[in-house]
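Overview (structure and organization)
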Amino acid sequence: MSRARTRSVTATAAVAVTAALACVAALTATSVPAAAHAGPPAAAQQGYAAGSGAGSTAETIRQIPLQGAINARDLGGHRTWTGGQVRQGLVYRSDALNRLTPTDVTTLSGLGLAKVVDFRIPLEVQYDGPDRLPAGLTPVSRPVSDLGLFATLVSVIGSGDPARQEEVLGGGRAEAYMRDVYRTFVTSPENRAQFGATLRELAEDSGPLLFHCTSGKDRTGWLGYVLLRALAVPEETAERDYLASNTFRAAYDARLREALKQSGRMQDPDLLIPLQEVRGDYLDAANVQLEADYGGFYGYLTEGLGLDLRTLAKLQSRLVR
């Protein structure tokens with residue numbers, strides 16, 4: 001299905017789902033305390049305006065300025081189909097938090113987080129280290145498979161063999177790998193269970209929550225995209241938020257490629273670019289898969305992630321004003 005056709009179908013579905021949720025929302029609105037509707041914390045945030053060309057309305061993506069994590073953001077601020085706005089200060093997405101400085105930890109403390117969910121697999125945590133968090137916070141380990149990508153990269157880069165690196169990553173193979181990873185966000189029961197559990201927690205009044213993986217762009221990017229669409233944020237807006245990782249990560253990723261070249265570990269570090277970036281066709285791979293498996297986005301939410309109407313309505317009531 002073409003991207004234009006997919007968007008047409010999903011836009012219609014979004015309106016229908018929102019209308020259905022409005023009926024259920026009335027049943028749950030009274031159960032959401034006023035504290036859950038608080039505005040953003042006092043911690044400093046930097047705005048990045050993401051538009052889609054001439055005549056578009058720019059959406060401000062709010063980055064949390066951290067020295068040890070470059071892709072930390074508040075998912076709030078986006079407008080919905082219904083004229084609402086996603087509340088700030090309740091949902092955060094990030095890359096790994098294992099390199100946070102003491103100042104970063106203080107900044108994180110200012111967000112008032114009640115829970116941090118870590119989508120990294122055990123090998124990633126073992127290799128990079130556990131999260132550095134404010135006192136009293138312990139990350140919830142909720143591994144989402146990367147189809148062995150992390151282990152493959154460690155092995156291939158560590159080999160220092162240009163021929164092997166080309167064989168594994170060149171000729172469009174890196175891009176194909178990424179599309180396969182995204183399809184597993186739909187096809188893997190284990191991955192769906194981890195995403196579904198996180199969304200159910202967000203529907204409850206459990207305080208601000210941050211979820212992350214290693215780069216904060218694929219597993220984290222997919223869930224951020226899914227959450228925004230579940231809240232009736234237009235698909236194009238949710239996609240721009242997803243693609244903003246390229247802006248936040250670009251300088252760091254370029255330095256990494258240069259360091260790998262200078263060290264002699266990679267003759268052609270540009271082979272990594274398809275793995276470092278987020279791309280619309282990666283998102284398309286997951287969306288096409290959910291259309292095939294569940295008949296559309298709503299089916300993925302309800303059948304794939306196990307979210308009933310009451311839970312979806314609670315997400316709306318708690319996270320949209």
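Note that the structure is a prediction, hence the values are computed from the model and not measured.

Overview of the environment of Val-278
- With respect to the helices, strands and loops of the structure, Val-278 is situated in the loop between α11 (273–276) and α12 (280–294).
- Overall, the relative accessible area of 2% leaves Val-278 in the buried class.
- C-alpha separation for the pair Val-278 and Asp-218, spaced 60 residues apart in sequence, amounts to 7.1 Å.
- Every residue in contact with Val-278, bar those within four places of it in the chain, is listed here: Tyr-182, Lys-217, Asp-218, Tyr-242, Leu-243, Ser-245 and Asn-246.

Structural notes on unusual backbone geometry
- Notably, Leu-147 is not glycine yet its phi reads approximately 60 degrees, a positive angle.
- Here Leu-147 shows up in the loop between β6 (140–141) and α4 (149–159).
- Look at Leu-147 and you get partly exposed, because its relative accessible area is 38%.
- Positive phi is not limited to glycine here, since Ala-232 has a value of about 75 degrees.
- Position of Ala-232 among the secondary structure elements: in the loop between α8 (219–230) and α9 (235–243).

Quick look at α8
- Here α8 spans 17 Å end to end across 12 residues, near enough to the 16 Å set by a 1.5 Å rise per residue.
- The buried fraction of α8 is high, at 12 of 12 residues.
- Along α8, the residues that are buried comprise Arg-219, Thr-220, Gly-221, Trp-222, Leu-223, Gly-224, Tyr-225, Val-226, Leu-227, Leu-228, Arg-229 and Ala-230.
- The positive-phi residue at the C-terminal boundary of α8 is Ala-232, with phi of around 75 degrees.

Things to note about the confidence of the model for the protein chain
- With 82% of its residues at a pLDDT of 70 or more, the protein chain has an overall mean of 86.
- Every residue in residues 51–58 is under pLDDT 50, and counting partners more than four places away or in other chains gives seven contacts.

Remarks on α4
- The complete set of buried residues in α4 reads Leu-149, Phe-150, Leu-153, Val-156 and Ile-157. On an axial view of α4, the arc spanned by its buried residues comes to 135 degrees, and they lie on one face.
- Where α4 ends, the next residue or the one after it, Gly-160, has phi of about 65 degrees, a positive value.

Remarks on the environment of Leu-209
- Looking at where Leu-209 falls in the secondary structure, it is placed in strand β7 (residues 209–212).
- Leu-209 sits 93 residues away from Val-116 along the chain, and the two C-alpha atoms are 5.8 Å apart.
- With sequence-adjacent residues up to four places away left out, Leu-209 is seen in contact with Leu-90, Val-91, Tyr-92, Leu-113, Lys-115, Val-117, Thr-198, Glu-201 and Leu-202.

Describing the nonpolar core
- Ranked by internal contacts, the top residues of the largest apolar core, which has 57 residues, are Leu-169, Phe-195, Trp-222, Val-226, Leu-227 and Tyr-300.
- Setting aside its immediate chain neighbours within four residues, Trp-222 contacts Phe-185, Val-186, Phe-195, Lys-217, Leu-283, Ala-286, Asn-287, Leu-290 and Tyr-300.
- Among the nonpolar cores identified, the runner-up in size contains 15 residues, and Ile-64, Leu-66, Ala-69 and Leu-100 belong to it.

Topic: the side chain of Gln-165
- Structurally, Gln-165 is set in helix α5 (residues 162–169).
- In contact with Gln-165, other than residues within four places in its own chain, are Val-156, Ile-157, Ser-159, Gly-160, Gly-170, Arg-265, Met-266, Gln-267 and Leu-271.

Brief notes about the side chain of Thr-184
- Locating Thr-184 in the fold gives a position in helix α6 (residues 173–187).
- When near neighbours in sequence (up to four residues on either side) are disregarded, Thr-184 contacts Ser-145, Leu-147 and Asn-191.

Rules used in this analysis
Residues numbered from 1 in each chain as written. Predicted model: local features only at pLDDT ≥ 70, side-chain atom pairs only at ≥ 80, totals over all residues. Heavy atoms only, no water. Helix = DSSP H or I, 4+ residues; strand = E, 2+ residues; numbered from the N terminus. Buried < 20%, exposed > 50% of the residue type's maximum accessible area, 1.4 Å probe, protein only. Contact = heavy atoms within 4.5 Å. Expected span 1.5 Å × (residues − 1). pLDDT = per-residue confidence, 0-100. Arc of directions from axis to C-beta. Core = buried A, V, L, I, M, F, W, Y, C linked by side-chain atoms within 4.5 Å.

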